[in-house]
Amino acid sequence: MQTILVLFGGCSTEHDVSLQSAHAVLQALDPSRFRALPVGITREGAWYWYPGPLEAIPQDRWLESPACVPCTLRLDRGNCALLLLDGTEQEIPFIAVFPVLHGKNGEDGTVQGLFELAGVPVIGCGALSSALCMDKVRAHQLAALAGAAVPSGAVVTRSHGPEALREAAWSIGYP
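Residues numbered from 1 in each chain as written. Predicted model: local features only at pLDDT ≥ 70, side-chain atom pairs only at ≥ 80, totals over all residues. Heavy atoms only, no water.

(A) Summary view of the layout of surface pockets. Of the volumes computed, that of the largest pocket is approximately 200 Å³. Together, 17 residues line the largest pocket, and Pro-99, Leu-101, Glu-107, Gln-112 and Ser-130 are the ones closest to its centre. Taken together, the residues of the lining of the largest pocket sort by class into eight nonpolar, seven polar and two charged. Taken as a whole, the second largest pocket spans an internal volume of roughly 170 Å³. Looking at the second largest pocket, the residues that line it are Val-137, His-140, Gln-141, Pro-151, Ser-152, Gly-153, Ala-154, Val-155 and Val-156. The residue makeup of the lining of the second largest pocket, split by class, is five nonpolar, four polar and no charged. (1 Å grid on protein atoms, 1.4 Å probe; cavity = no way out; pocket = protein on both sides within 12 Å on 5 of 7 lines; lining within 4 Å. Points joined across faces, edges and corners; volume = space filled by probe spheres on them. Nonpolar A, V, L, I, M, F, W, Y, C, P; charged D, E, K, R; others polar.)

(B) View of the sheet that holds strand β5 (residues 81–84). Pairing within the open sheet is mixed, and its seven strands lie in the order β6-β5-β4-β3-β2-β1-β7. The outermost strands of the open sheet, each flanked by one partner alone, are β6 (91–93) and β7 (96–99). Within this sheet the neighbouring strands show an average axis-to-axis angle of 35 degrees, counted without direction. Of the strand pairs in this sheet, strand β2 (residues 34–41) and strand β3 (residues 47–49) are connected by three bridges, and their pairing is antiparallel. Each residue of the ladder has a partner; that of Val-39, found in β3, is Trp-49. This element, helix α1 (residues 15–28), spans β1 (2–9), β2 and β7 of the sheet and lies at about 155 degrees to β1. (Pairing = 2+ DSSP bridges. Helix = DSSP H or I, 4+ residues; strand = E, 2+ residues; numbered from the N terminus. Axes fitted to C-alpha atoms, helices over the stretch in contact; angles between N-to-C directions. Contact = heavy atoms within 4.5 Å.)

Okay, here's the thing in structure tokens:
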């Protein structure tokens, strides 16, 4: 049986969405083929191995479990292992990571880059494609350069006033 590290939570405004998604992923993993290694990341960025009941994850009660163990990734390239920080120095090997994280610090390429640097196979998009897809302007520009049809758009930053927003909306045909 192969072990898959499943990351959830994270330092993002989309923390709660990640909990829902991770619960679905963990329930869908075929237990005859894969052993899940759930690792929750708190809103503050602390990592915990969570061997408790899956039902606590979407309710954001997973961290209340006394079974939670602080952990970190073993970062030396080619050693796919979770290192428990409970004084035992126990390592739990795994074959790949499934980052079920949403938003900044999750699906923006940061976590994917960390795992790529450590030589850990990542399930899903890699660092570059994740970063590009989070930047909607550049994603649309690249898609257009490749010949794909993209919607009209305009970039308005916070430094622009309300009039610039109205002009940009009018220039692309909205409303």
